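Remarks on the overall topology
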Amino acid sequence: VTKLVFPPLLSASQTRKVVEAIGCRALPSINGVPASMSVKEGASPYSLDIAGTPCGVPGLVTLSGAVTKLAKGDVATLRFLALGETALGPKGGIALAEILRDGSCAGLERLSLPGAGLGAEGVEAVCAALPPKLLALDLGSNGCGDQGAKAVGEALKRCANMKRIGLAANELSEVGARTLAPFIRDHASLEELHVTGNRVGDRGCSALAMAVRSTNAPIVKLALNENFNITAGACKSLAQCIASSRTLQELDLSKIMIGADGAKALAAGLSESPALRVLELGSCKLRADGAKFIGEALARNLSLERLGLSRNSLGDKGVFELVAAGLQGSRSLRNLDLRHNSIGPEGAKRLGAMLERKNFVLKNLELAGNKLDASMESKLVARAASLRTRPSALGVPRKALTVSKIVEGDENQEGMNIEVPT
C-alpha cells in the first residue's frame, strides 16, 4: 500500500494505528501528502507546497516522516512549507508544531498557513515552535483572535530576522492590535505587516501606526484595508507615520470609511512624506471634498507614484477639485485609479485638458465603470499612456545655443550651452 485516504479529523495516533494494522512496509502517502522528498546534490533547497489539499492531521503524519528524511547530518534542507487550506484544525496546529521542532526544519524560511483552521490554540502552538531563521509567516484566516496576536508578538522576539507577517481576517480587535504593537516597535527587521480584514478600530490602528513610526525596522508595507471600524479618528496617527517614516512605501487603507475629514488629516502627512510610493484609498467615502484635500497634498508630495481612489463617489466635481487642487501639478504620480466614480463627460474633458497642458508625468489612468462611453474612456487612457512633453514658455520648440565669453589671454576658456526658446 503506497497511498491512503483518511478523514481529515482523524488524530495522529489513530492514523498511525491504522497504518500499522494494514501492515504497510513503509510510510505511505496520506491524503495527498508525499511520503518522501529528495533533494539532488547541488539543487536548491526543498520547497513543499500542498496548499488546498485537505490533508488534515493524517497528512501531517506522512509529512513528519518525509521531512525528517530530508536532514543530512546537521544540514536542514526544507526552506518553504505551504499548508494553506489544508483543514488542519487546532489539533493539526499542535501536530505541525512538533514537526517544526524537528531539526530538519531548523532552516525553514517561509511558512504559509492561510485558511488552515488553526484557531487560537493551533496558532499558539505553531508560533511557539517557529525556527529562529524564519523570514515570512502567513497566518491569514485562521480565526486566532487577540490571543493569536500575542503569540505572533512573542514569535517576533525569537525570530529576529522576520520580514513579513500576515494576519489578515483573524478577528483581531483593538486589544490584539495594541498587544502586537510593542513587538513591532521593538523588532529590527520587519518589512511588511498585513492586518487586512480585522476590526482593530481607531485605537488599534493608531497603536500600529505609532509602532511603525517608532521602530528601527525598515517597514515597507502596511496593509490595514477592510478594517471597517477604523474611522477618520485614526488618520492623524497615520499621517504622522507616513510623514516621518523614511522606509514606508505602501499604505493600503481601502474600504475604510475615513471620509473627507479623514482625507484632510491624512493629506497633512502625505504632503511631507519622504518615501510613500503607493496609497490605496478605494471605497473610503471621500467624495469631492475629500478629493480636494488629497489634491492639495499631491501638489507638494514628491514621492507618490500610485494613488487608488476607486469607488469614492467623486463625480465631475470631485475631478475638478482633484485636478485644480494639485493633480495638475503633481511631479511624481504615474498611476491613478478613478474607477467607478460616476465621472461624466465634463470630468473627462477636465482630465483631458490637464493631460494636454499641465500634467506630463501621469502615465496610467484607470477609468472603468464611469459614465463615459467606450470611445471617450479609451482616448483618455491612451492619451495618458502616450509620450507627452512640456512645451516651452512661449509654446515653441526649444533650441540649444552656445554662448562664448571671450576672456583675453585665457587659453582654457569654454563655451556654455544654454537652452532658450527661439
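Remember, it's a predicted structure, so these values are computed and weren't measured experimentally.

Parameters at a glance
Residues numbered from 1 in each chain as written. Predicted model: local features only at pLDDT ≥ 70, side-chain atom pairs only at ≥ 80, totals over all residues. Heavy atoms only, no water. Phe/Tyr/Trp six-rings, centres within 6.5 Å; stacked < 30°, edge-to-face > 60°. Lys NZ or Arg CZ within 6 Å of the ring centre and 35° of its normal. Helix = DSSP H or I, 4+ residues; strand = E, 2+ residues; numbered from the N terminus. Core = buried A, V, L, I, M, F, W, Y, C linked by side-chain atoms within 4.5 Å. Buried < 20%, exposed > 50% of the residue type's maximum accessible area, 1.4 Å probe, protein only. Contact = heavy atoms within 4.5 Å. Polar contact = N/O pair within 3.5 Å; in protein donor to acceptor, adjacent residues only side chain to side chain. Pairing = 2+ DSSP bridges. Right-handed = clockwise from strand over helix to strand, strands pointing away. Expected span 1.5 Å × (residues − 1). Patch = residues over 30% accessible without salt bridge, like charges linked within 9 Å, V, L, I, M, F, W, Y side chains within 5 Å. Areas by Shrake-Rupley, 256 points an atom, 1.4 Å probe, with all protein chains shown as cover. Salt bridge = Lys/Arg side-chain N within 4 Å of Asp/Glu carboxyl O. Axes fitted to C-alpha atoms, helices over the stretch in contact; angles between N-to-C directions.

Our next topic: the packing of aromatic side chains. Taken as a whole and assessed by the stated rule, the structure comprises zero aromatic pairs. For the cation-ring pair, Arg110 lies above Phe80, with the distance from its terminal atom to the ring centre recorded as 4.1 Å.

Positionally, Arg79 belongs in strand β4 (residues 78-82). When the C-alpha atoms of Arg79 and Glu109 are compared, they prove to be 5.1 Å apart, with 30 residues separating the residues in sequence.

So, on to unusual backbone geometry. Unlike most non-glycine residues, Ala169 shows phi in positive territory, near 50 degrees. For Ala169, the position within the fold is in the loop between β7 (164-166) and α6 (174-185). Phi at Glu171 takes a positive value of approximately 60 degrees, unusual for a residue other than glycine. Along the chain, Glu171 turns up in the loop between β7 and α6.

Another aspect to go through is the nonpolar core. Grouped together as the largest cluster of nonpolar side chains are 105 residues, with contacts concentrated most on Leu96, Leu111, Leu281, Leu307, Leu336 and Leu338. Setting aside chain neighbours within four positions, we find Leu96 in contact with Leu60, Leu81, Leu83, Leu88, Leu113 and Val126. Judged by nonpolar contacts, the second largest core, of five residues, contains Leu4, Phe6, Val19 and Cys24.

This part is about the side chain of Arg306. Here Arg306 is to be found in strand β12 (residues 306-308). A polar contact of 3.1 Å, which involves the side chain of Arg306, links it to the side chain of Glu366. Beyond its immediate sequence surroundings of up to four residues, Arg306 is in contact with Arg277, Val278, Leu279, Glu280, Leu333, Asn335, Asp337 and Glu366.

The subject of this paragraph is the environment of Leu193. Relative to the elements of secondary structure, Leu193 occurs in strand β8 (residues 192-194). Counting along the chain gives 26 residues from Leu193 to Ile219, while the straight-line C-alpha distance between them is 7.9 Å. In contact with Leu193, not counting residues within four places along its chain, are Ile165, Leu180, Ile184, Leu208, Lys221, Leu222 and Ala223.

Attention shifts here to the pairing of β4. The element β4 is extensively covered by neighbouring structure, given that four of its five residues are classed as buried. The pairing of strand β3 (residues 46-49) with β4 spans four bridges and is parallel. Note on β4: the bridge partner recorded for Asp49 is Ala82. Relative to strand β5 (residues 110-112), β4 runs parallel, the two being bridged by three bridges. Looking at the pairing, Ala82 lines up with Ser112 of β5. One crossover worth recording links β4 to the parallel β5 by way of helix α3 (residues 89-100), and it is right-handed.

For the rest of this paragraph, the subject is helix α5 (residues 145-158). Counted at 1.5 Å a residue, the expected span for α5 with its 14 residues is 20 Å, and the 21 Å between its end C-alpha atoms agrees. Within the sequence span of α5, burial applies to Gly145, Gly148, Ala149, Ala151, Val152, Gly153, Ala155 and Leu156. Buried positions along α5 lie against α4 (119-128), β7 and α6.

With that settled, the discussion passes to the side chain of Asn370. Looking at the element boundaries, Asn370 is found in the loop between β14 (364-366) and α13 (374-385). Within the local environment of Asn370, its side chain forms a polar contact with the backbone nitrogen of Ser342, the two atoms lying 3.0 Å apart. Other than its neighbours up to four places away in sequence, Asn370 contacts Leu338, Arg339, His340, Asn341, Ser342 and Ile343.

A separate point is a nonpolar patch on the surface. A cluster of nonpolar side chains, namely Val1, Val18 and Ile22, defines an oily patch on the protein surface of about 240 Å² accessible area. By the secondary structure assignment, Val18 is in helix α1 (residues 12-22).

Another aspect to go through is the sheet that holds β14. Strand order in the open sheet formed by twelve strands is β3-β4-β5-β6-β7-β8-β9-β10-β11-β12-β13-β14, with parallel pairing between adjacent strands. Two strands lie at the open edges of the sheet, namely β3 and β14, each paired on one side alone. Strand-to-strand twist of the sheet, defined as the mean angle between neighbouring strand axes without regard to direction, takes the value 5 degrees.

Our next topic: the environment of Glu174. Positionally, Glu174 belongs in helix α6. In contact with Glu174, not counting residues within four places along its chain, are Arg199, Val200, Arg203 and Gly204.

One pass over the full model with this rule turns up 17 salt bridges. In this structure, Arg101 and Glu98 form a salt bridge, with 3.2 Å as the shortest nitrogen-oxygen distance. On the basis of relative accessibility, which here comes to 48%, the residue Arg101 falls in the partly exposed class. Between Asp337 and Arg339 there is a salt bridge whose closest N-O contact spans 2.7 Å. Assessed through its relative accessible area of 31%, Arg339 is described here as partly exposed. Linked by salt bridges that have partners in common, Glu280, Arg306, Asp337, Arg339 and Glu366 make up one network.

The values reported here are purely geometric and, on their own, carry no functional implication.
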